[in-house]
Structures are given as structure tokens and as C-alpha cells.
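Close look at the chain arrangement
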Amino acid sequence: MFKKEIINFAKKEIVPRVQEHDLKKQFDYESFRKLGEFGILGLHFPEELGGSDADVITTVMAGEALGEAGVDGGLTLAYGAHTFLCADTIYSHGTEEQRKKYIPKLASGEWIGCMGLTEPDAGSDVASMKSTAEKKGDKYILNGQKIFITNGPIADVSVIYAKTDPEQQHAGISAFIVEKDTPGFKSGPNLIKMGVSTSQTSELFMDNCEIPAENLLGKEGEGFNMSMQTVEWDRSALLAPFVGASTYMLKRCADYAKKREQFGRPIGKFQAMKHRLADIRIFGEAARALVYRIAYCKDQGRPLNHLEAAVAKLFVGDWSMAPANDAMILHGGYGYCHEYDMERIMRDSRLAPIGGGTSDIQKMIISKLM
Amino acid sequence: MNYDFSEKEFTFFTDLHNLMETLSKEADLENDNGGDNVMLALNKLAGTPYLKLALGEDGELNGLLTLMGAMEVVGAFSPSMLLAIEMSTRVFGRIVSSFGDDALKERLLPPILEGRLLGSVAVSEASMNVVNEPLKTEGKTDGDKVVLNGRKQYVVNAPLADWIAVIGVMDEKPAVFMVEKGTSGLFIEDKMPMLGYDGVAVSGIRLDNCAIDSSNVMGPFDKPTIIDSVKMWENQVLIGAGLGLMKAAFESARDYAKAHKSGGKPIIAYQEVGFKLAEMLTLFQTSQLFSYRAAWAADDNPKDADSFTLSAKVFITESAEKVAGCALQIMGGFGYREGNSAERAFRCSKYLQIAGTSTEISRVKIGDAAMGIR
């Protein structure tokens, strides 16, 4: 019922604008605001902070529903970066004051959030981070550069990771809240990407960026662990739209295969088309099991099993392109054209094995932990 | 869906592991040994809740869901024993349990659950195809007898079975004919040599004016439910068999990669090997979850259970071949030797994609379901 409500909402309020924004590579502020109004952006936060107290499974279901409705990967990525990488980090590690100041505005969509972790020379190798935060009196002075930051150009508030102790590896990393328009803090232009085009991605620059010491999240040196905790969301809620998208593709392809006629009969009568439909379904069911397992374990209060999380990411990452490709080919020439959204879904799916830790990184993790 | 096994289930799996470990030392389970080995295994398993899963009262275990985990354990030790036992207990047994009358259940279920009876199910015929399944094996009433004529192919356990459940038609409707070993007119062909499953006795059977008592007939049924049910049960067994093959192949390759050194370090340290193992484990874990979801769907959502089971079967049986193939590659010459679990898994995996509802027909049916065609 809950899932159906979100699907109906998204189909009515968001999906009609998806293709236009994708073509123009523009962020859809109106859709984002509507996600906030509907309660999706803050679903798992407490009611007193503007949320709905939802559990993780419900939150994942919401992400799946957006994908199933046909919402583009750009908007779901923006939602994920905003809610889970930024807002949840503030909620999970912030003080009461920080929570009260930021979570209601982020949950409603009044403010947009982002997270700055990756650097030009420090991707999955987080310990190589060069950005620094030097404490001077009641201020921190941030210097450095971030890259591939989802929502970077449009964010009102950012969670920025920087080293308070550059001599240390992971233990030297701390997290800070940085607001838009802070002197010395600016974003680069939107990076034009192959897919997830409606999400805005940029570099972030910190040039003697001065922030109040109270903007430190948690304690100095806790940043790495905070970033690792976002992995739970990354491997569940952020993957959920890919699961939903497979259901969307399956329905669209099934409808098309029943209507489109060649050689005097619907193409759905041909076995090769049925095989493509089957492979889309198989991916969706397998991926759903993996993603919901991570959510279930988080709901049970268990510490993240990093091996299982990497397995989920590797599977969804490496396998999600094949059904998107199947869906596009099933639609033939129409599938290749922007008018039909299959080509957009295929481009969006290409991010899956790259974003949030590449498939190769997942394989490194799995082979070390097995 | 609950993504956990309970403590009781984990304990059961451990007990099962220990039992199979002991059993595999007592006998070469990949050799049917004239039926002695499968009866030995059945006898030992009867002392555990294993045979009762999805068939009888299994205490605090969870029927089909527990069975998926249990089949993985048994199948990892011996693919052949798993297939022989499951085709008897779960497929033959569930036919009796689901479609038999009280008298038949009373006669056949206790020996099945006590591991004293080996059953077999004969479905496949040369005339069967994708579009429909026109069974030619037919039973005709003759007084208080039913006379059977027809031929079945690829019948698992046929050369050893005490009873064979023959799926055929009667009055142009599906029916099951229970034929006891030694019945006049039942001819069992020679055991077929196969690529894999060395310890499973598979053969064709011929029914030539084979007269059985009418009390041994189930049906005729108005709907072809019986065939759909048998196929689904068989597919569930093949899913469990796939898990077992993957477990054996993956664990062998992983252990080998940790122990075998090249260039002064264990070969798992090389990304070529470590990444391959990561892909194998990903397929294995995904398969496990997929099987549990399919089992859960079969119990909870029968309407969607068929295409769900087929989806799981396609994924898991294809994954089994991939995992076994990768394991062979990682273990090099060591894995290629006869008797190595990867080599065995690789040979057996092909059977899983052919048997039950084949991979190709499964995809057709899944595609049909997606388009609302049932």
C-alpha cells in the first residue's frame, strides 16, 4: 500500500518532467521539493525533526518505488546523496543543536545537502585524502579539493571530510558541516556525465574556508568511521532504485512486446523477446533479495557485514546494465531514441558499477574478507 | 521475508554437515553401488528431521525454506545422493502427500519418511514440447485394474526404485499411476551413462500392458495441476542441488587459493584469482538468497510461485556452472583431476540447466508471465 502510494505520487508529480530535465541535464528542483513534501526525503528521521520514524526496510521500499515509477537515476541519486550521505550523517553523529538546525530543513527539501569525501587523488583510498582542517581558536580552517560530488553545485549544506591530523591515515580524518556561501568555499560547474544527468555533480574547493569549531561532527578523527557508516545506506537505500527500475523496465517491455507487431504477430510471441523479459525479471528478483538483506540487518541493529554489503554492491553494479541493455534492444530503434526512456535508463545504469566504490573495489573487499 | 535462519536451523545444518561428513567416509556416495549407498544415506538421514522437511511435521523448522539450506549442505558433500534422495523424498513423496488418498498415504508415506522406500517419478516423454505437454503414456480401466502403456525417458532412480509414480493420462486427463517394482509389464532400461551425477541411476522405462490396481491411481484430474506441481517440486530440488554444487566448488577453490603458493605468495593475493573468487562468492550468496525468496514465495504467494521458482532456477543453475568453471580455472590441474569437487560440480551443473524445466523453456515461461500470459 505504502509502495503503491509512492508509485502513484511519483508517476503523477515527477515522472512527467523526467525526460525534459534529462535532456537539458538540469536538476528538477520542483520534483525534489515534492519529494520533501511527500515525506520521502526524511522518511527515517524522527517525527520531531520532520521525519516519519520509518524503519530501514520501509525507507528502502520508498527508493524502490521511485525506480518502479520511472523516476530517473539522477533524481534518485540526488535524493540518496542528500538524505543518506549528508542528512543522515548529521543526524547520526551531530549534536542536538546540529540536528535541530539542519535535519528539519533537509527533511523538507528546503535545503539540499551533499557529502564531500572523494578527492582527485583519493577515491576508494580514503586515507590518501589531502584536504586539511586546521583548528585555530574557535574556528577550523579548511583547505583542499573534492571531486565528483553529487549535489555539489546546488547544495545548501555539505558534510565535508578533511584531515585534522595529516600525519595519520584513517584516524586523522574528521567531518565538518559547511554551509553554502561560507567564505573560501565554492563549487565548480556541473560536470557533464554520461548518465544520471539530472543530478548535478561538481568539484568543491576550500581555500582557507573558515567555519565555526562547533561545525565539527562528532570528535576529531571519527570521520572515517562516519563515512563507513553511510555504506549501510549506500548498499541498501541507494541501490533500491535500481531494483525498482528493473520492475519498471519489465512492465514497459512487456507492454511494448504485446503491442509491437512484426512478421504479423506481436514481438512478445518470439522466444528471444521472452528471454529478454526473463533476464530483466531475474536480475530484479536477485538484486531485491540482496538489497533487502542489508536493510533487514540494519533494522535488526546488527553491525554492517562488509562482505555482504560488497556482494550486494558488486551484483547490482555489474548486473544492472544487462537488463537495461535488454530493455533498450527490445524496443529497437525506439529504445535508442530519447523519446522512449530506455536509453536514458541504460545510461543511468552505467553508474552502478562506478559510484559508491567501483566493482573492482568491491572485489578487493570480498577477496580480503572471504 | 525473514533473512535469517534460526538457531535451531543452524544447529540442524551443523548436525547434517557432521552426518554427511561421516557418511562420505563410510561410502563412496558418488557411486550408487546397486542402490545400497542411497538406502544407507536415507537410513541415516531418517534419524534427523531432513526427510520430513516440506513433507511431514518437522518440529520448529521451516519447511521448504529450511530445506533450501539443508539441500545445500547435503549436495555439497554428494550431488548424486542429494538428487537421488530428493527426487524420491520430495518429489515422489509430495505427489503421495498432496494427491494420494488416505490409504495410499498410510501405505507409502511412513516408509518414505523413515528412509525405507526409494521412489521415482516418471514424467518426460519424447513428444513433450514447449507449447504443451501432450503425454502419450495412458492408463485404461480394465475391471478393477488400470492397464498402462507408454514410454518414459530420463527417469531418475528408475533402476533402483521401489515405486515409480508415472505421470500420464486417463480419460484424456492427467493422472498419476503408482507402479511398484516388479510389476508385470514394467520394463526398466539400463542405467544411462551421463556427463555428471555418476552416482544417480537414470534410465528409461517402458510400460507394456502393465496392469496396476485402480487404488494405485491418482486422478484423473480436471486441471493439469499435477504436472505443474511436479515440475515445480523438481525445480526446487534442482535449485538446492545448484547451491550444493556452488558451495563445494567455491569452498574448494577458496581453500586452494589460500594454501597454494606461486611467486612466493598464496595465489588468492593475485587479483586475477581473488577477484574471480569474489565474483563466485557473489553469485553463490545471491543464489542462496534467491532460493530462500523462491521458497518463501512458494509458501506465501502461490500465485507467483511458479515464475519465481523458474527465475531462481535459471539464475542458480547457470551460476552453478559459472562458479564451478571458475573453480576449475583457479585450481588448475589440481581441479581438473577426476574426483575433485570442482570438476564434479562442473559436470553436474549442466544437468541442472537441462532437467526439470530447462533454462530455455523457463525463460519462455518467465517472459510469458511478465506479459500476463499464463
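Residues numbered from 1 in each chain as written. Chains lettered and ligands numbered in written order. Predicted model: local features only at pLDDT ≥ 70, side-chain atom pairs only at ≥ 80, totals over all residues.

1. A word on the overall build of chain B
Basically, it comes down to this: Helix and strand assignments come from DSSP, with helices taken as H or I runs of at least 4 residues and strands as E runs of at least 2, each series counted from the N terminus. C-alpha atoms define the radius of gyration in this analysis, and the globule rule sets the expected value at 2.2 Å times the number of residues to the power 0.38. Partly exposed residues are those falling between the two cut-offs: more than 12 but fewer than 20 other C-beta atoms within 10 Å of their own, whereas 20 or more means buried and 12 or fewer means exposed, with C-beta atoms placed from the backbone. Distance between backbone-placed C-beta atoms decides contact: two residues are in contact if it is within 7 Å.
When helices and strands are tallied, chain B shows 10 helices and 10 strands. Here chain B has a C-alpha radius of gyration of 21 Å; the compact-globule value for 374 residues is 21 Å, and the two agree. Projected onto the principal axes, the alpha-carbon positions of chain B cover approximately 80 × 50 × 40 Å. The burial tally for chain B puts 55% of its 374 residues in the buried class. Sequence separation of 24 or more characterises 75% of the internal contacts of chain B that already satisfy a separation of 6 or more.

2. Some thoughts on the overall build of chain A
Tallying secondary structure elements over chain A gives 14 helices and 10 strands in all. Computed over the C-alpha atoms, the radius of gyration of chain A is 21 Å, within 12% of the 21 Å expected from 2.2 N^0.38 for a compact globule of 370 residues. The C-alpha extent of chain A, read off along each of the three principal axes, is 80 × 45 × 40 Å. Taking all contacts inside chain A whose residues are at least 6 apart in sequence as the whole, residues at least 24 apart take part in 75%.

3. Describing the interface of chain A and chain B
Filter applied, for reference: Three categories are distinguished: nonpolar for Ala, Val, Leu, Ile, Met, Phe, Trp, Tyr, Cys and Pro, charged for Asp, Glu, Lys and Arg, and polar for the others, with Gly belonging to the last.
Each side of the interface is counted separately: chain A has 27 residues, and chain B has 26 residues. At the level of elements, α8 (240-259), α9 (271-299), α10 (306-319) and α14 (359-369) of chain A are the ones that each hand at least two residues to the side of chain A that touches chain B. Looking at the side of chain A that touches chain B, the element that brings in the most residues is α9(A), giving 14 residues. In terms of residue class, the side of chain A that touches chain B is built from 16 nonpolar, 4 polar and 7 charged.

4. Some thoughts on the domain arrangement of chain B
Residues and elements named next belong to chain B. What counts here: Reported domain spans reflect what an automatic or database domain assignment gives.
By the assigned domains, chain B splits into domain 1 (7-113), domain 2 (119-218) and domain 3 (225-370). Each of domain 1 and domain 3 has a C-alpha centre, and these two points are 20 Å apart. Contacts between the two partners involve 21 residues from domain 1 and, on the opposite side, 22 residues from domain 3. Of all elements in the fold, only α3 (63-77) and α4 (79-99) reach the threshold of two or more residues within the side of domain 1 that touches domain 3. Of all the elements, α4 adds the most residues to the side of domain 1 that touches domain 3, at 11 residues. Split into classes, the residues belonging to the side of domain 1 that touches domain 3 amount to 14 nonpolar, 3 polar and 4 charged.

5. Some points on the pairing of strand β4 (residues 163-170) of chain B
All names here are of chain B. This is how the line gets drawn: Pairing between two strands is assigned when DSSP locates at least 2 bridges connecting them.
Of all 8 residues in β4, 7 are buried, a share of seventy percent or more. By the bridge criterion, 4 bridges tie strand β1 (residues 119-122) to β4 in an arrangement that is parallel. Residue pairing for β4: A122 is matched across the bridge by V166. Looking at chain direction, β4 and strand β5 (residues 173-180) are connected through 8 bridges and run antiparallel. Paired with I164 across the strands is V179, a residue of β5. Joining the antiparallel neighbours β4 and β5 is a turn of 2 residues, in which D171 adopts a positive phi near 50°.

6. Structural notes on the nonpolar core
Filter applied, for reference: Each nonpolar core comprises buried Ala, Val, Leu, Ile, Met, Phe, Trp, Tyr and Cys residues, the members being joined through C-beta atoms within 7 Å.
One finds A:F176, A:V291, B:A165, B:A249, B:A253, B:V323 and B:A327 to be the most contacted residues of the largest nonpolar core, which totals 249 residues. When residues in this core are grouped by element, the largest group, 17 residues, is from helix α6 (residues 225-259) of chain B. The residues contacting B:V323, other than those within four sequence positions of it, are B:M246, B:A249, B:F250, B:M280, B:L283 and B:F284.

7. So, the packing of α9(A) against α10(A)
All names here are of chain A. Worth spelling out the cut-off: An axis is simply a line fitted to the C-alpha atoms; with a helix, the fit covers only the stretch in contact. Between two such axes, the angle follows the N-to-C directions and lies from 0 to 180 degrees. Orientation labels follow simple angle bins: below 35 degrees gives roughly parallel, above 145 gives roughly antiparallel, 65 to 115 gives roughly perpendicular, and whatever is left gives oblique. For any helix crossing, the convention is left-handed if the near helix is rotated counterclockwise from the far helix by under a right angle, and right-handed if that rotation is clockwise.
At a minimum axis separation of 9 Å, α9 and α10 run at an interaxial angle of 155°. As the angle between them shows, α9 and α10 are arranged roughly antiparallel. In this structure, the crossing between α9 and α10 has a hand that is left-handed. Packed against α9, whose contacting residues are F283, A286, A287, L290, V291, R293 and I294, the element α10 presents E308, A309, V311, A312, F315, V316 and W319 at the interface. Class assignment for the residues of the contact of α9 with α10 results in 12 nonpolar, no polar and 2 charged.

8. Section: α6(B)
Quick reminder of the rule: One less than the residue count of a helix, multiplied by 1.5 Å, gives the span that helix is expected to have.
Here α6(B) is 35 residues long and its end C-alpha atoms lie 51 Å apart, about the 51 Å a rise of 1.5 Å per residue gives. Burial analysis of α6(B) places 27 of its 35 residues in the buried class, the great majority of the element.

9. Let's talk about unusual backbone geometry
All names here are of chain B. Of the consecutive residues G219 and P220, the connecting peptide bond is found in the cis state with omega at 5°. Of note, A54 is a non-glycine position whose phi angle comes to about 60°, a positive value. Relative to the assigned elements, A54 resides in the loop between α2 (36-45) and α3. Within the chain, N209 stands out as a residue other than glycine whose phi angle is a positive 50°.

10. Considering the domain arrangement of chain A
Residue and element names in this part refer to chain A. Considered domain by domain, chain A is made up of domain 1 (2-112), domain 2 (114-226) and domain 3 (235-369). Using C-alpha coordinates to define each centre, domain 1 is positioned 22 Å away from domain 2. If you look at the interface, domain 1 gives 24 residues, while domain 2 gives 22 residues. Elements with a minimum of two residues in the side of domain 1 that touches domain 2: α2 (15-24), α5 (73-93) and α6 (96-108). By residue number, the principal contributor to the side of domain 1 that touches domain 2 is α5, which donates 12 residues.

11. Thoughts on α10(A)
An ideal rise of 1.5 Å per residue puts 20 Å on 14 residues; α10(A) measures up with 20 Å between its terminal C-alpha atoms. For α10(A), the full list of buried residues reads A:A309, A:A310, A:V311, A:A312, A:K313, A:L314, A:F315, A:V316, A:G317 and A:W319. Among the structural elements, α7 (223-234), α8, α9, α11 (321-330) and α14 of chain A together with α7 (271-300) of chain B are those in contact with the buried residues of α10(A).

12. Quick notes on the packing of α5(A) against α6(A)
All names here are of chain A. At a closest axis distance of 9 Å, the pairing of α5 and α6 adopts a crossing angle of 160°. Relative to α6, the element α5 lies roughly antiparallel. Between α5 and α6 lies a crossing whose hand is left-handed. Every residue of α6 that contacts α5 at H82, C86, A87, I90 and Y91 is listed here: Q98, R99, Y102, I103, L106 and A107. Here the contact of α5 with α6 is composed, by residue class, of 8 nonpolar, 2 polar and 1 charged.

13. Overview of the confidence of the model for chain B
In plain terms, the rule: As a per-residue measure, pLDDT tells how confident the predictor is, with possible values from 0 to 100.
On average, residues of chain B score 94 in pLDDT, and 98% of them are at 70 or above. Confidence estimates for the predicted assembly give a pTM of 0.95 and an ipTM of 0.93.

14. A look at the environment of B:N43
Position of B:N43 relative to the elements: it lies in helix α2. Separated by 155 residues in sequence, B:N43 and B:D198 place their C-alpha atoms 21 Å apart.

15. Regarding the environment of B:T359
Residues and elements named next belong to chain B. For T359, the location among the structural elements is in helix α10 (residues 359-370). When the C-alpha positions of T359 and L16 are compared, they lie 30 Å apart, and in sequence the two are 343 residues distant. For T359, the residues in contact, after removing those within four places along its chain, are V314, T317, E318 and Q353.

16. Some words on the environment of A:P46
Residues and elements named next belong to chain A. Note that P46 resides in the loop between α3 (29-38) and α4 (56-69). Between the C-alpha atom of P46 and that of L250, which follows or precedes it by 204 residues, the distance is 35 Å. Apart from residues lying up to four places away in sequence, P46 is in contact with G51 and D53.

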